[in-house]
Amino acid sequence: MMPVSAPGIVEQTLPSIVYPQLSASLVNMVPFIPGVAKLITNADFEDTSEESQPFTVLTSKSFSALVYQTSELDNATLKLTFDPNAIRAFLTQLHQRYPQHPSRQEYIRQVTARQAHKTNDAKLQSQFTLQALSTISLSANPEATLPPPPIADAVLHQSVAQDRLLNQIITRIHQSLELPVILSAALEEVRHFLQVDRLIIYQLSPTPAIPIHGDDQSPLPSPQSQGSVTYEALASSEISSVLNHPAKACGLAAVDIPPSALQGLTIPDIQHTLAKDVRDSLQSIQVRALLLTPIVVQSELWGLLIAHQCWHPRQWQPEEQTLLKQVGEHLAIAIYQAQLYDQVQQQTQTLEEQVTQRTQELQAALMAAQSANQAKSDFLATMSHELRTPLTCVIGMSATLLRWSLGPLTDKQRSCLQTIHDSGEHLLELINDILDFSHVQSGKATLNLSEFSLSALMQQILQVMRDKADAHEVKLKAKLKIPRDRDRFVADIRRVQQILISLIDNAIKFTPMGGKVTLRIWVETNTVIFQVEDTGIGISPSQQPHLFEKFKQLDTSYHRTYDGAGLGLALAQQCVTLHQGWIDVSSVEGQGSIFTVQLPNQSALFYQEETSAVSLSGGRIVLIEGNEEDATFLCDMLTAANYQVIWMVEASAAIDQIRLLHPIAVIVDTQLPAQGCLSLIRRLRSLSGTDKIKIIVLTPEGVSKDHQRYLSLGADAYLLKSLKPEDLLRKVEVLLKSASVI
């Protein structure tokens, strides 16, 4: 056979006469190797025409060896090596010798694949060495005989059956979380495999836990008060049950468990190894021999796995001890897995209880909030009557005394009457602001629409605010940029006046003497823009986010200089939102501020309210919406209103469908990805046949300056997703019946 010797490879040269013994020793090693082992000899290739010399190769992940004969100068020698490189080189040469035999090459490849890449397991290599020496010594003695082959077959069969049993236990652990089922089935199967009379699990109490320290000097606590037998498997009904037995079950109740028990305890015959009191305890439960192994869960002794032989002594074999130890380790995994599952279940139950409790608390809080809201409404109603009525009398009587006194008034008297009158008017104004703000914030406020002149509105506002501007020595002026044919506008004029008066009043208040406040008004596409600019103290960037908060003063130092309750700007923003408009501010500290308000024309709603309700005639509408929940809501609502709705998800593929369907309107979400909404509007307005289709854009809650951008590109209207269904449907209907913008 070809040599594999090379520098760095360790081989032992032996007489060729001992080859049969070494080869047999390798064959006998197979049952003792854990996992998969591969064996190949020259006998596997005897049907080939080539002449081969004897060799035997054994490969596995824990032990590999090669023995082969070679001829050097007509002198036959025997080589034995455990070197991984030498074995791999030998198998490579063997593989190359049979290019015409694929099946042989495949088997050689499998043998090579099992080759370990590190030093052999020391115990296995020692076992092989001792076995080889024993076999060689037997061959030297003519009267000695080798063990018959059936013994090796029995050992191999036992090893396979043991592996099958462990695999069954592992599979059951992976497939189930029911610990009683796993433990009961495992006990019965292992008892039957070992052919013992009784197999039990002695479980220690959860507290106190017994940590595993590995200290052989301190004994473990006695199990007498530590637990009981929780599971058992019996060979027959003649064997007495020790289930739930607290003391004698483990057979060691009379003594402390030594630390060596953590490695397993073997007693072949209690008559020769134990004291009398211990023997009496074990004989009372029919124990003659026992085998014990610990069940250690997360480094803590959970219990003991104990096998009892009841009627006769038993010499426990090493493989039986190993099997019981492996079973104990797998059961520990199952127990830990069940503990984790119980913890998860307990945490889930606790979480559910907390959610239920929190839900109840929220419901109680909601009821309390509703009660508080009702109490607030009742209080405001009372304030409306009980405060405004006497204040009106105070203001009216003080004004009467100032004009038509029954006698001459001194300067002091007139000054006091004027103070009473002014304070009463200020208090009434404050109460009115609180009532208006609460009414708008509650959602009960509605728009009282009317058509009015923007230029006339500007004159009214200037007339109302002129006196206050003069009193503060602030110059108030206006700039109107409105064509005569666009002077008419539809909105709630009282709310618009509130917005402008709040902004101008705020500007005058914070503008020093000699400063200037300017009101500008101009009209853009279907909207009006109001702008109030002052040369006052300005607002710092850190304070601007808090401008529109109710009862908010930006600086505590202003309390002594500037009056007001902090409701003006908050009420103005609420009125703007009620019109579906937006308000914005830009300011430079020390230079002044500019407040800009945009309000959409409400003409479509106004004319619709003046006419009778228009009956629905139906029609086809294309909806482009990426959110399934919003799309379902709109489809259901429009379908119920006798419209035919075609829902699409992406704007990029909608153009061809729209040209084919000829809808009366297209409703598109502004939040489509990749600016899909803007691109769709541009294309629809640029293509013939789609340029006359009504386009409605859906915007999220809140106000945004982007509304004007969509309208300028060609959208006919925008709708807030937060609108109530009836309001949304009514606005869609009005748009489709009129060219006006909502």
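Residues numbered from 1 in each chain as written. Predicted model: local features only at pLDDT ≥ 70, side-chain atom pairs only at ≥ 80, totals over all residues. Heavy atoms only, no water.

Caption draft 1: How the structure looks around the overall build of the chain. Scanning the chain from N- to C-terminus turns up 20 helices and 23 strands. Among the 742 residues that make up the chain, the fraction classed as buried is 42%. When contacts within the chain are restricted to residue pairs at least 6 apart in sequence, those whose partners lie at least 24 apart make up 68%. With an accessible surface of roughly 39,600 Å², the chain has 53% of that area assigned to carbon and sulfur atoms. (Helix = DSSP H or I, 4+ residues; strand = E, 2+ residues; numbered from the N terminus. Buried < 20%, exposed > 50% of the residue type's maximum accessible area, 1.4 Å probe, protein only. Contact = heavy atoms within 4.5 Å. Areas by Shrake-Rupley, 256 points an atom, 1.4 Å probe, with all protein chains shown as cover.)

Caption draft 2: Broad picture of unusual backbone geometry. Not every positive phi belongs to a glycine, and Gln286 is a case in point at roughly 65°. Its place among the elements puts Gln286 in the loop between helix H8 (276-283) and strand S10 (289-297). We classify Gln286 as partly exposed; its relative accessible area is 21%.

Caption draft 3: Spatial organisation of the packing of helix H12 (residues 454-471) against helix H13 (residues 493-509). At a minimum axis distance of 10 Å, the contact between H12 and H13 shows a crossing angle of 35°. Crossing of H12 against H13: the hand is right-handed. Contacts between H12 and H13 involve Leu457, Gln460, Ile461, Val464, Met465, Lys468 and Ala469 on the former and, on the latter, Ile493, Val496, Gln497, Leu500, Ile501, Ile504, Asp505 and Ile508. Residues of the contact of H12 with H13, tallied by class, amount to 11 nonpolar, 2 polar and 2 charged. (Axes fitted to C-alpha atoms, helices over the stretch in contact; angles between N-to-C directions. Left-handed = near helix turned anticlockwise from the far one by under 90°. Nonpolar A, V, L, I, M, F, W, Y, C, P; charged D, E, K, R; others polar.)

Caption draft 4: Main features of the sheet that holds strand S22 (residues 694-699). In space, the 5 strands of this open sheet follow the order S20-S19-S21-S22-S23, with parallel pairing throughout. Looking at the sheet topology across the chains shown, the edges are occupied by strand S20 (643-648) and strand S23 (717-720). Within this sheet the neighbouring strands show an average axis-to-axis angle of 25°, counted without direction. Looking at chain direction, strand S21 (residues 665-669) and S22 are connected through 5 bridges and run parallel. Paired with Val666 across the strands is Ile695, a residue of S22. Set on the sheet, helix H16 (residues 628-640) makes contact with strand S19 (619-624), S20, S21 and S22; between it and S20 the angle comes to about 165°. The strands that helix H18 (residues 676-686) touches are S19, S21 and S22; relative to S22, the one it contacts most, it runs at about 170°. (Pairing = 2+ DSSP bridges.)

Caption draft 5: View of the sheet that holds strand S16 (residues 527-534). Read across the open sheet, the 5 strands follow the order S13-S15-S16-S18-S17; overall the sheet is mixed. The strands lining the two open edges of the sheet, one partner per strand, are strand S13 (475-481) and strand S17 (582-588). This sheet shows a mean twist of 15° between the axes of neighbouring strands, independent of strand direction. In this structure, S13 lies alongside strand S15 (residues 516-524), joined through 7 bridges in parallel fashion. Paired with Leu476 across the strands is Val517, a residue of S15. Against the sheet, H12 contacts S13, S15 and S16, and its axis sits at roughly 175° relative to S13.

Caption draft 6: Looking closely at the pattern of salt bridges. All chains considered together, the criterion is met by 11 salt bridges. Of the charged contacts in the structure, one is a salt bridge between Glu533 and Arg520, with a shortest N-O distance of 2.6 Å. In this pair, Glu533 sits in strand S16 while Arg520 sits in strand S15, placing the two residues 13 residues apart along the sequence. Judged by relative accessible area, Arg520 falls into the buried class, the value being 17%. (Salt bridge = Lys/Arg side-chain N within 4 Å of Asp/Glu carboxyl O.)

Caption draft 7: Structural view of the packing of aromatic side chains. Across all of its chains, the model carries 6 aromatic pairs by this definition. With 5.9 Å between their ring centres and 80° between their planes, Phe82 and Phe128 make a pair best called edge-to-face. Of this pair, Phe82 sits in the loop between strand S5 (75-81) and helix H2 (84-96) while Phe128 sits in helix H4 (residues 122-140), and the two are 46 residues apart along the sequence. Three or more aromatic residues joined by ring pairs make a cluster, and in this case those are Phe55, Tyr68 and Phe90. (Phe/Tyr/Trp six-rings, centres within 6.5 Å; stacked < 30°, edge-to-face > 60°.)

Caption draft 8: A look at helix H3 (residues 102-113). Given a rise of 1.5 Å per residue, 12 residues ought to cover 16 Å, and the 16 Å separating the end C-alpha atoms of H3 matches this to within 8%. Among the residues of H3, Arg104, Gln105, Ile108 and Val111 are the ones counted as buried. Axial view of H3: buried residues confined to an arc of 120°, hence all on one face. Away from its buried face by more than 90 degrees, H3 exposes Pro102 and Ser103. Those residues of H3 that are buried lie in contact with strand S2 (38-41), strand S3 (55-59) and H2. (Expected span 1.5 Å × (residues − 1). Arc of directions from axis to C-beta.)

Caption draft 9: Just a positive patch on the surface, in detail. A cluster of basic residues, Lys475, Lys479, Lys481 and Lys516, forms a positive patch on the protein surface. Here the element with the most residues in the positive patch is S13; it accounts for 3 residues. Mapped onto the elements, Lys479 comes out in strand S13. In this structure Lys479 comes out as partly exposed when scored by relative accessible area, which is 38%. (Patch = residues over 30% accessible without salt bridge, like charges linked within 9 Å, V, L, I, M, F, W, Y side chains within 5 Å. Lys, Arg positive; Asp, Glu negative; His and termini not counted. Charge placed at Lys NZ, Arg CZ, Asp CG, Glu CD.)

Caption draft 10: Geometry of the confidence of the model for the chain. With 79% of its residues at a pLDDT of at least 70, the chain reaches an overall mean of 79. Counting contacts from residues 213-225, a segment whose pLDDT is below 50, to residues more than four positions away or on other chains yields 26 contacts. (pLDDT = per-residue confidence, 0-100.)

Caption draft 11: Seen up close, the pairing of S16. With respect to burial, S16 is a largely interior element, 7 of its 8 residues being buried. Two strands pair when backbone bridges link them, and S15 and S16 are joined in this way by 8 bridges, in the antiparallel orientation. Its bridge partner being in S16, Glu524 is matched across the sheet by Thr527. In this antiparallel pair of consecutive strands, S15 and S16, the connection spans 2 residues, and Asn526 shows a positive phi of 60°. Bridge count for S16 against strand S18 (residues 592-600) is 7 bridges, and the pairing is antiparallel. Residue pairing across strands places Phe530 opposite Val597, the latter belonging to S18.

Caption draft 12: View of the environment of Phe45. Topologically, Phe45 is positioned in the loop between S2 and S3. Placed 53 residues apart in sequence, Phe45 and Tyr98 show a C-alpha to C-alpha distance of 9.7 Å.

Caption draft 13: Fine view of the side chain of Arg520. Among the polar contacts listed, one links the side chain of Arg520 to the side chain of Glu533, at a separation of 2.6 Å. In this structure Arg520 touches Lys479, Ile529, Phe530, Gln531 and Glu533, once residues within four positions along its chain are discounted. (Polar contact = N/O pair within 3.5 Å; in protein donor to acceptor, adjacent residues only side chain to side chain.)

Caption draft 14: Structural context of the environment of Ser587. Counting through the fold element by element, Ser587 comes out in strand S17. For the pair Ser587 and Ile539, spaced 48 residues apart in sequence, the C-alpha separation works out to 5.7 Å. Among all residues touching Ser587, those that are not within four sequence positions of it are Gly538, Ile539, Gln544, Gly592 and Ser593. Polar contacts involving the side chain of Ser587 include one to the main-chain amide nitrogen of Ile539, which spans 2.7 Å. Among the polar contacts listed, one links the side chain of Ser587 to the side chain of Ser593, at a separation of 2.8 Å.

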